[in-house]
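# Working through the structure, step by step
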Amino acid sequence: MVTYNCYDPRCFRLVLEAASTPLCSDLTRKPAAYALAEVPVYVIVDRADRRVLVLTGPKGGEYREKAVHRPRESFTLPESIGAVVTMSVDDLFS
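The paragraphs below set out a description of the structure included in this document. Computed from a predicted model, the values in this text were never measured in an experiment. Residue positions are counted from 1 within each chain, in the order its sequence is given. It should be noted that, the model being predicted, local features are given only for residues of pLDDT at least 70 and side-chain atom pairs only at 80 or more, the latter also being counted only at that level, while totals for whole chains, interfaces and linings use all residues. Side-chain figures throughout are based on the complete set of non-hydrogen atoms in the structure, without hydrogens or water.

### Digging into the overall build of the protein
Note the cut-off: By definition, any uninterrupted DSSP run of H or I lasting at least four residues is a helix, any uninterrupted run of E lasting at least two residues is a strand, and each is numbered from the N terminus. The reference for a compact globule is 2.2 Å times residues^0.38; the radius of gyration itself is calculated from the C-alpha atoms. Exposure categories follow from relative accessible area, calculated using a 1.4 Å probe and restricted to protein chains: below 20% of the type maximum is buried, above 50% is exposed, and the middle band is partly exposed. Method for areas: the Shrake-Rupley scheme with a 1.4 Å probe, in which residue coverage is limited to the protein chains shown.
Of regular secondary structure, the protein possesses 3 helices and 6 strands. Over its C-alpha trace the protein gives a radius of gyration of 13 Å, about what one expects of a compact globule, namely 12 Å for 94 residues. Taken over the C-alpha atoms alone, the protein extends approximately 40 × 30 × 25 Å along its principal axes. Within the protein, the fraction of its 94 residues that count as buried is 32%. In the form shown here, the protein has an accessible surface area of approximately 6100 Å², with 52% of it arising from carbon and sulfur atoms.

Put into structure tokens, the structure is as follows:
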């Protein structure tokens, strides 16, 4: 913790967010803020469109790599989070 109950963003390796409303801010403002803070991985579970977006490679206030995963798919998060984690899209929606 730094001050005012806020944490230095460098301590976060991953942000995983479940969104049920339109993804306007989740795809514009939030990725820019997390990338600027150099959070290595931002995962968005888009419940409305039943997909998972994985944003990685933050540089200059944007994520350089973007992947979309759909039902019946699995994906492995980058080792930059400090562990090997494989997730199933179906499990995230169940």
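### Considerations on unusual backbone geometry
Although it is not a glycine, glutamate 38 adopts a positive phi angle of roughly 65 degrees. Relative to the elements of secondary structure, glutamate 38 occurs in the loop between α2 (29–36) and β2 (41–46). Not every positive phi belongs to a glycine, and arginine 72 is a case in point at roughly 75 degrees. Turning to its location among the elements, arginine 72 is positioned in the loop between β4 (62–69) and β5 (74–76).

### Section: the sheet that holds strand β3 (residues 51–59)
For clarity, the cut-off: For two strands to be treated as a pair, DSSP must find no fewer than two bridges joining them. Note on definitions: angles span 0 to 180 degrees between N-to-C directions of axes, and those axes are lines fitted to C-alpha atoms, for helices only across the stretch in contact. Two residues form a contact once any of their heavy atoms are found within 4.5 Å.
Read across the open sheet, the 4 strands follow the order β1-β2-β3-β4; overall the sheet is mixed. Of all the strands in the sheet, just β1 (14–19) and β4 have a single pairing partner and so form its edges. Across this sheet, the average inter-strand angle for adjacent strands is 20 degrees, counted without regard to direction. In terms of strand pairing, β2 meets β3 through 6 bridges, oriented antiparallel. Within β3, the residue paired with tyrosine 42 across the bridge is leucine 55. Most of the contacts of α2 go to β4, to which it runs at about 125 degrees, and overall it touches β1, β2, β3 and β4.

### Focus: the pairing of β1
Residue alternation in β1 divides its side chains into a buried set, Val15, Glu17 and Ala19, and an unburied set, Leu14, Leu16 and Ala18. Taken together, the 6 bridges between β1 and β2 define a ladder with parallel strand orientation. Directly across from valine 15, in β2, lies its bridge partner tyrosine 42.

### So, the pairing of β2
Most of β2 sits out of view: 6 of its 6 residues are buried. Of the two faces of β2, the one carrying Val41, Val43 and Val45 and the one carrying Tyr42, Ile44 and Asp46 are both buried. Two successive antiparallel strands, β2 and β3, enclose a turn made up of 4 residues, where arginine 50 displays a positive phi of approximately 50 degrees.

Function cannot be inferred from these measures alone, as they are strictly geometric.
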